[in-house]
Each structure stands twice: as structure tokens, then as C-alpha cells.
Amino acid sequence: SSVSYAVQNLESELGVRLFSLQGRKAVLTEQGKQLYARAQVLVEDADRIEQAARQMAQTGLSEIGIAMDAIFPDWVMLEVMAKFNQRYPDVRVQLWETVLGGTDEALIEKRVNLAVSSNIPTGFLGKQLMRVRFVAVAHPDHVLHGFSDGSLDWSELKKHRQLVVRDTGIKYKRDARTWLRAEQRWTVSHIRTAIRAVCMGEGFGWYPEVIIREDLEQGLLKPLPLKEGLERFADLHLVYADGDSVPALVKEFADMLVLAVEQHRCCANQE
């Protein structure tokens, strides 16, 4: 009787008949079915809000920010982000793709909680994550490949266009990873753009082997026959924005990233 009374009150408030009697059974009317479907969505939304509130209470964060130097393999980062959000679906992740001083700047200005950086700024704590091997390359048809192996020197290299990536830092710029700084130079904002230009035969450059591996295998790029300086190395570090009190959620994301790099050991390019 209490259920029947509640249903009658609900139908009265809504002005819609929700149930009809069929023998001794009450079944949903067509209007009742439509409202029930909408009600289910509202209940699921309410459950998600409660779950998000519980996660915020446990972790203290509703969003984490990550700065990623462009030389880090992006597919590894995306894999970690996907696994992290399976575990914490209501925690947003802000990914900043940075170059050189831009990574320092994101840490110093506290725009991120964690950074994958080729530099540990003064006053910050970090640990080595992986070593990246850079290779000097150009399209196979580029004139620079007309030299015999080991005969191409830097004086000749300077006569040709170099594709470099712009430092995303504004206040904190670092002068690195250009290595040659040829007078003929295109400077772009993303490493993928620079690599694409070199694949099109527009110049040469040093790029992470792990990122250009497919282009090398497909014959779009070829290592230059340099006398010296064909390869270079850069160490990437995990750096916390607040090393004294790292939030548990940030530490968990960092641990997942370390594990992913270990699982993709082929990406590390250790000497």
C-alpha cells in the first residue's frame, strides 16, 4: 500500500500516468517507459558525482598537469594516460607538450605537477627516466647523401638547411639540441613538423631515433654519412613540481610512467 501511495503521488505531481494494471500486475505505460529511461541516466550521473567526490576526498586532486618534452615517445605517454583514466575516470589530465625551456617554465610556474624533462631545474627533485639517442638524418635523395660514408664534415653540412624545433619557453630558454645552427634554418613549433619537412627533402636535422624509427624503416629518412657527430644523446628525467610533498595521485602516475618505459625498453635507446 505504501508503494501504491508513492506511485499515486508521483503520477499526481508529474501529471502523467506511469503504470497501468494488467490483471494483478502493474506495468509501465509508454510514458512511464520514456521517463524511466531518462531517470536511469540521472541516477547514473548522480552515482558518478558521488564517485568523483569520493576520489577527490581520497586523492585531494581533480586534475593533474604533466609537461612532456617533445623528444619523449608520445605513444608511451598516451598509453599511461589511458590506463590512469581507467583507474581514475573523473580525474582530468592536462598534457603540455614542451621543448627545452618550456618544460622548465611549466615546473617553475607550477603549471604542472610532473614533468618529463631533459633538464632538472635548480631547486627541483628528479630521477633519470630514459636516454634518447638522436641521429642526423635527411631524405635518401638529399644531396648530402652524395658523400661517401664518413666523408661529410660540418663545414659542408652548414651549407644546407637545418630543421630545428622552437624552444617553447618564454622566460626560461635553453640553447641545446640544435648542435650545428646552420645559417640556412627553418624553425618550427613541433618536432613532428620538422621531421615531416625532412621526409619531404627540405633539409636535415637530428631527431630521436625512437620517434623516426618507422621513417627510417620505410626509407623516408637515412642517416647522414657524417665524419663525426652522427649521433647525440639526451637524458630525460622525471621531475616533480613539489618534491617535498608529492600528491599520491601524481606519484602513482609517475610510477605508471616508469613502468611503461621499462616495458617499452626498446624506446630507451641506452648506450
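Report follows, based on the coordinates. Going along each chain's sequence as written, the residues are numbered from 1 onward. Local features are withheld for residues below a pLDDT of 70 in this predicted model, meaning they are given only at 70 or higher, and side-chain atom pairs are given and counted only at 80 or more; totals for whole chains, interfaces and linings count all residues. Note that the side-chain values use all heavy atoms of the structure and ignore hydrogens as well as water.

1. Looking at helix α1 (residues 2-14)
Here's step 1: Each helix is a run of H or I in the DSSP string that is no shorter than four residues. Each strand is a run of E no shorter than two, and both are numbered from the N terminus. Expected helix span is given by 1.5 Å per residue-to-residue step, counting one fewer step than there are residues. The terminal C-alpha atoms of α1 lie 18 Å apart, and with 13 residues this matches the ideal 18 Å at 1.5 Å per residue to within 8%.
Here's step 2: Gly15 occupies a position one or two residues after α1 and carries a positive phi of about 75°.

2. Examining the pairing of strand β5 (residues 114-117)
Here's step 1: Residues Leu114 and Val116 line one face of β5 and the alternating positions Ala115 and Ser117 line the opposite face, and both faces are buried.
Here's step 2: Inspection of the sheet shows strand β3 (residues 63-69) paired to β5 by 3 bridges, in the parallel sense. Within the sheet, the bridge partner assigned to Ile66 lies in β5 and is Leu114.
Here's step 3: In this scheme, strands are said to pair when DSSP sees at least two bridges between them. Direction of pairing for β5 relative to strand β11 (residues 231-240): antiparallel, over a ladder of 4 bridges. Bridge pairing links Ala115 to Val239 in β11. Relative accessibility decides the category of a residue: with a 1.4 Å probe and only protein chains considered, values under 20% of the type maximum give buried, values over 50% give exposed, and everything between is partly exposed.

3. Here we look at the layout of surface pockets
Here's step 1: Any residue with an atom within 4 Å of a point lines the site, the site being either a cavity, points on a 1 Å grid over the protein atoms alone where a 1.4 Å probe fits but cannot get out, or a pocket, an open set with protein on both sides within 12 Å along at least 5 of 7 lines. Grid points are joined across faces, edges and corners, and a volume is the space filled by probe spheres set on the points. Considered as a void within the structure, the second largest pocket measures approximately 160 Å³ in volume.
Here's step 2: Forming the boundary of the second largest pocket are Val3, Ser4, Val7, Gln8, Glu11, Arg17, Phe19, Ser20, Leu21 and Ala26.
Here's step 3: Contributing elements (two or more residues each) for the lining of the second largest pocket: α1 and β1 (19-22).
Here's step 4: With 5 residues, the top contributor of residues to the lining of the second largest pocket is α1.

4. Digging into the pattern of salt bridges
Here's step 1: The working definition used for a salt bridge is a side-chain nitrogen of Lys or Arg within 4 Å of a carboxyl oxygen of Asp or Glu. Inspection of every chain in the model, using the stated rule, returns 13 salt bridges.
Here's step 2: With a shortest N-O distance of 3.2 Å, Arg111 and Glu109 are connected by a salt bridge.
Here's step 3: Its relative accessible area of 32% is what places Glu109 among the partly exposed residues.
Here's step 4: Linking Arg133 and Glu209 is a salt bridge whose minimum nitrogen-to-oxygen distance equals 3.1 Å. Linking Arg133 in strand β6 (residues 125-138) with Glu209 in helix α7 (residues 209-217), this pair joins segments that are 76 residues apart in sequence.
Here's step 5: Salt bridges here are not isolated pairs; linked through shared partners, they connect Glu105, Glu109 and Arg111.

5. Here we look at the packing of aromatic side chains
Here's step 1: Paired rings are identified among Phe, Tyr and Trp, the last through its six-membered ring, by centres lying within 6.5 Å, and are further divided according to the angle between planes into stacked (under 30 degrees), edge-to-face (over 60) and tilted (the rest). Following the criterion strictly, the structure yields 4 aromatic pairs and no others.
Here's step 2: Residues Phe84 and Tyr88 carry aromatic rings whose centres are separated by 5.2 Å and whose planes lie at 45° to one another, so their mutual orientation is tilted.
Here's step 3: For Tyr88, a relative accessible area of 15% corresponds to the buried category.
Here's step 4: When the centroid spacing of 5.8 Å and the interplanar angle of 40° are considered together, the rings of Trp154 and Trp206 count as tilted.

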